[in-house]
Amino acid sequence: MHTPQTFLSHPGPRPAGTVLVLGARGRMGLAATRAFAHAGWQVLAQVRPGVADADLPAISGVRWLRVAVHDTAALVAQAQGTEVLVHALNPAYTHAAWREQAPMLMEAAIAVARQLRATLMLPGNVYNFGEAMPPVLREDTPQAATGFMGRMRVQLEQRLQAATRQGDLRAIVLRAGDFFGSGTGSWLDQAIAKDLPRGRVTWPGPLDVATPWAYLPDLARAFVRVAQERDRLAAFECLHFAGHHVSAQQWLGTLAAIAAEQGWLPHNGTLRVGRMPWTLLRAAGLVVPTVAALAEMRYLWRTPHRLDNTRLRDVIGAEPHTPFDEAVRQALSDLGLVAAARSRAALA
């Protein structure tokens, strides 16, 4: 779908400007909001109408816009001066919600970005490559999605690329692995570490298979740095964020050390490891749509893969990278499982 482009040279990165984050209360949206604000950008953070002040974090440099994303005229009127738009909106994790809502959200983001003449940035994932994915994923790796969510992701990216061909829109997809950190809603809190205070973890796949993980504050900082270098990129560009390429064994070593510190391990001092009951999940998916969508992704845990970030490094230099142990500790702190004083990672 994507042909690598030659990067243009220029004197240096653009200074901080104005960014509009769609879906700023979600995990990715909030991480991006914090990262851009921390880097000195003026951040316009879109949330749905009616959100109370008490439900919004106080972040210096952020103005919250309570506007429906489909109200293009109102959103454009309040976001004048925007140079970069981050599309961080996602429907509920079901096939029905994605089929109905994801294309409409993409159209809304394109419409707003076009009117603002802003570069549209989209977080991507590895669903596009399907069950036959090779061990190393580059920007020009053929995309052969095998599940509904993967095919939907391909469709959305193709729509975004097509929109840039009209000459009035620029767009960047920054692809990453599984998210962790910056709150709830990931495999870490919903499955893996849910029972960590009881000395137990649940792992969804083989223990020796390494896959890519994106610590969200790092990924958000990468968005900022790509945004600053956007003049070097083609009208449509895709870049890969490598993140942490780790196996279950590395996860378990870090989680076991934290559990030991917290006094959560049983008397024998060994972290108990359970396996994801995929057969039961497939059965439950017949009546629970979210479970059905998750069960479709089982192959990702059995298939070794990593994202090659060579082209991203050509654009921004070294990736933002929090050491793995520190990232996990901070992620657990964000979940309220570990006291903040125990976390050594710097906040985004």
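The model shown is predicted, which means the values in this text are computed figures rather than measured ones.

A. How the structure looks around a nonpolar patch on the surface. Taken together, Leu286, Val287 and Val288 make up a surface patch of nonpolar side chains, about 330 Å² in accessible area. By the element assignment, Val287 lies in the loop between helix 8 (278-284) and helix 9 (289-295).

B. Structural context of empty space enclosed by the protein. Within the structure shown, the criterion is met by 1 cavity of 30 Å³ or more. Looking at the largest cavity, the residues that line it are Val126, Gly177, Asp178, Thr211, Pro212, Leu300, Trp301 and His305. Counting residues per element, the ones that place at least two in the lining of the largest cavity are strand 10 (211-215) and helix 10 (299-302). Looking at the lining of the largest cavity, its residues break down into 4 nonpolar, 3 polar and 1 charged.

C. Looking closely at the side chain of Arg153. Considering the arrangement of structural elements, one finds Arg153 in helix 4 (residues 148-164). Despite its burial, Arg153 pairs with no opposite charge, the nearest such side chain being Glu157 at 5.7 Å. Setting aside residues no more than four positions away along its own chain, Arg153 makes contact with Asn90, Trp98, Pro123, Gly124, Asn125, Tyr127 and Asn128.

D. Spatial organisation of the packing of aromatic side chains. Scanning the model with the defined rule gives 13 aromatic pairs in all. Each ring, one from Phe180 and one from Phe324, has its centre 6.4 Å from the other, and the planes form 65°; the classification is edge-to-face. A residue pair is termed long-range when its members are at least 10 positions apart, and Phe180 in strand 8 (residues 178-180) and Phe324 in helix 12 (residues 324-334) qualify at 144 residues. Neither residue differs from the other here; Phe180 and Phe324 are each classed as buried. Three or more aromatic residues joined by ring pairs form one cluster here, namely Phe180, Trp187, Trp203, Trp213, Tyr215, Trp251, Trp278, Trp301 and Phe324.

E. Highlighting the pattern of salt bridges. Per the stated rule, a full pass over the model turns up 10 salt bridges. Asp168 is the partner of Arg114 in a salt bridge, and the nearest nitrogen-oxygen pair spans 3.0 Å. Here Arg114 is found in helix 3 (residues 95-116), whereas its partner Asp168 is found in the loop between helix 4 and strand 7 (170-175), with 54 residues between them in sequence. A relative accessible area of 27% places Asp168 in the partly exposed class. A salt bridge links Glu237 to Arg311; the shortest N-O distance between them is 3.1 Å. Remark: Arg311 occurs in helix 11 (residues 310-316) and Glu237 occurs in strand 11 (residues 236-240); sequence separation between them is 74 residues. Judged by its relative accessible area of 0%, Glu237 falls in the buried class. Accessibility expressed as a relative area gives 11% for Arg311, which makes it buried.

F. The arrangement of helix 4 in detail. With 17 residues, helix 4 ought to run about 24 Å at 1.5 Å a step, and its terminal C-alpha atoms sit 25 Å apart, in line with that. In terms of residue burial, helix 4 counts as a mostly covered element, since 12 of its 17 residues are buried. Of the residues making up helix 4, those classed as buried are Phe148, Met149, Gly150, Met152, Arg153, Val154, Leu156, Glu157, Leu160, Gln161, Ala163 and Thr164. Contacts made by the buried residues of helix 4 are with helix 3, strand 5 (119-124), strand 7, strand 11 and helix 9.

G. Representation of the sheet that holds strand 1 (residues 18-22) within the structure. With respect to topology, 7 strands assemble into an open sheet ordered 3-2-1-4-5-7-11, the strand pairing being parallel. Whereas interior strands pair on both sides, the edge strands pair on one side only; in this sheet they are strand 3 (62-66) and strand 11. Within the sheet, the average angular offset between the axes of one strand and its neighbour, ignoring direction, is 20°. Pairing between strand 1 and strand 2 (residues 42-47): 5 bridges, direction parallel. If you follow Thr18 over to strand 2, its bridge partner there is Gln42. Each of strand 1, strand 4 (84-87) and strand 5 touches helix 3; the most contacted strand, strand 4, lies at about 175° to it.

H. Fine view of the sheet that holds strand 10. Strand order across the open sheet formed by 3 strands is 8-10-12, with mixed pairing between neighbours. Unpaired on one side and paired on the other, strand 8 and strand 12 (244-246) mark the two borders of the sheet. Strand-to-strand twist across the sheet, computed as the mean angle between neighbouring axes with direction ignored, equals 40°. Set on the sheet, helix 12 makes contact with strand 8, strand 10 and strand 12; between it and strand 8 the angle comes to about 65°.

I. Here's a closer look at the nonpolar core. Judged by nonpolar contacts, the single largest core of 45 residues is most densely connected at Leu20, Leu22, Leu85, Leu120 and Leu160. Among the secondary structure elements, those contributing two or more residues to this core are strand 1, helix 2 (72-78), helix 3, strand 5, helix 4, strand 7, strand 11 and helix 10. In terms of residues, this core owes the most to one element, helix 3, which gives 10 residues. With residues near it in sequence (within four places) discarded, Leu120 still touches Leu85, His87, Ala109, Ile110, Ala113, Leu160, Leu169, Arg170, Ala171 and Ile172. One finds Leu30, Ala31, Val51 and Val315 within the second-largest nonpolar core, a separate group that totals 41 residues.

J. Main features of unusual backbone geometry. One non-glycine residue, Arg117, adopts positive backbone phi at about 55°. Within the secondary structure layout, Arg117 lies in the loop between helix 3 and strand 5. The phi torsion at Ser182 lies on the positive side, around 65°, for a residue other than glycine.

About the criteria used
- Residues numbered from 1 in each chain as written.
- Predicted model: local features only at pLDDT ≥ 70, side-chain atom pairs only at ≥ 80, totals over all residues.
- Heavy atoms only, no water.
- Patch = residues over 30% accessible without salt bridge, like charges linked within 9 Å, V, L, I, M, F, W, Y side chains within 5 Å.
- Areas by Shrake-Rupley, 256 points an atom, 1.4 Å probe, with all protein chains shown as cover.
- Salt bridge = Lys/Arg side-chain N within 4 Å of Asp/Glu carboxyl O.
- Helix = DSSP H or I, 4+ residues; strand = E, 2+ residues; numbered from the N terminus.
- 1 Å grid on protein atoms, 1.4 Å probe; cavity = no way out; pocket = protein on both sides within 12 Å on 5 of 7 lines; lining within 4 Å.
- Points joined across faces, edges and corners; volume = space filled by probe spheres on them.
- Nonpolar A, V, L, I, M, F, W, Y, C, P; charged D, E, K, R; others polar.
- Buried < 20%, exposed > 50% of the residue type's maximum accessible area, 1.4 Å probe, protein only.
- Lys, Arg positive; Asp, Glu negative; His and termini not counted.
- Contact = heavy atoms within 4.5 Å.
- Phe/Tyr/Trp six-rings, centres within 6.5 Å; stacked < 30°, edge-to-face > 60°.
- Expected span 1.5 Å × (residues − 1).
- Pairing = 2+ DSSP bridges.
- Axes fitted to C-alpha atoms, helices over the stretch in contact; angles between N-to-C directions.
- Core = buried A, V, L, I, M, F, W, Y, C linked by side-chain atoms within 4.5 Å.

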